Amino acid sequence: MKKTILMLSSLFVLGATSFAQTTTWNLDKAHATLGFAVDHMVVSETQGKFAEFDVQLQADKADFTDAKISASVKVASVNTENTMRDEHLAGADFFEAEKFPTIEFKGLQLKKNKNGSYQAIGDVTIKGVTKKITFDVKFGGVIKDPQAYGGKTRAGFKLNGKINREDFGLKYNSVLDGGGVAIGKEVRINAALEFTK
């Protein structure tokens, strides 16, 4: 009986090892952006970005459907081209950057649809609140640099999605005289990510 259990345990370990991704793709931060947009005063929108973030990607398959993905965003790096607004966003009314310094994403699946498009499904954590979110992803393909640029193998992705900021405790707002609110609940997220093998 003990031998049988030992054999089954060994097979389980070997099986788990065989599915572990061994190829690491490093984010090329010089060719990566993470932005967002929120409705403002009903009639327009405010755009911004996070200047400091990193994405960990491991995948062996050519179509990346076996990808293991995680990301971390430094909240204090928020940039809307307005210092006063950025400080407000990082403060107690919104992100509380001192208490919650990062936004985290833990990928659960990179799903390839029949039409060739992709969806990244994962857990997003903001201010200690975690929600499962699905992002639309466009896989740009894989290419090799000219030797003059180092001959690196590159892969590119574009990502779009949206969250309800109030789901994560970002509820600050003000009501307009004519009705409606100053800041929209929906946050539209976009990213362009380039990786080197």
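The structure displayed is predicted, hence computed values, not measured ones.

Here is what the cut-offs are and how they apply
Residues numbered from 1 in each chain as written. Predicted model: local features only at pLDDT ≥ 70, side-chain atom pairs only at ≥ 80, totals over all residues. Heavy atoms only, no water. Helix = DSSP H or I, 4+ residues; strand = E, 2+ residues; numbered from the N terminus. Buried < 20%, exposed > 50% of the residue type's maximum accessible area, 1.4 Å probe, protein only. Contact = heavy atoms within 4.5 Å. Pairing = 2+ DSSP bridges. pLDDT = per-residue confidence, 0-100.

## With respect to the side chain of Thr46
Among the secondary structure elements, Thr46 is positioned in strand 3 (residues 44-50). By relative accessible area, Thr46 is classed as buried at 18%. Here Thr46 is in contact with Phe36, Ala37, Val38, His40 and Arg85, once residues within four sequence places are set aside.

## Comments concerning the pairing of strand 10 (residues 153-164)
Alignment of strand 9 (residues 129-144) against strand 10, held across eight bridges, turns out to be antiparallel. From the neighbouring strand, Val142 faces strand 10, where its bridge partner is Ala155. Bridge count between strand 10 and strand 11 (residues 183-196): 11 bridges; the pairing is antiparallel. Residue Asn160 lies in a different strand from strand 11, and its bridge partner there is Asn190.

## Digging into the environment of His31
Along the chain, His31 turns up in the loop between strand 1 (24-27) and strand 2 (33-40). Look at His31 and you get partly exposed, because its relative accessible area is 45%. Separated by 162 residues in sequence, His31 and Leu193 have C-alpha atoms that sit 6.8 Å apart. Excluding residues that lie within four positions of it along the chain, His31 makes contacts with Arg154, Ala192, Leu193 and Glu194.

## Description of the pairing of strand 4 (residues 53-58)
The side-chain alternation of strand 4 yields one buried face, formed by Phe53, Val55 and Leu57, and one unburied face, formed by Asp54, Gln56 and Gln58. Inspection of the sheet shows strand 1 paired to strand 4 by three bridges, in the antiparallel sense. Bridged to Thr24 within strand 4 is Gln58. In terms of strand pairing, strand 4 meets strand 5 (residues 68-74) through six bridges, oriented antiparallel. In the strand pairing of strand 5, Gln58 is matched with Lys68.

## Concerning the confidence of the model for the protein
Averaged over all residues, the pLDDT of the protein equals 89, while 89% of them reach at least 70. Per-element confidence in the protein is highest for strand 6 (residues 78-79), whose mean pLDDT is 98, and lowest for helix 1 (residues 2-18), whose mean pLDDT is 46. Residue range residues 4-18 is modelled with pLDDT below 50. Its contacts to residues more than four positions away, or to other chains, number zero contacts.

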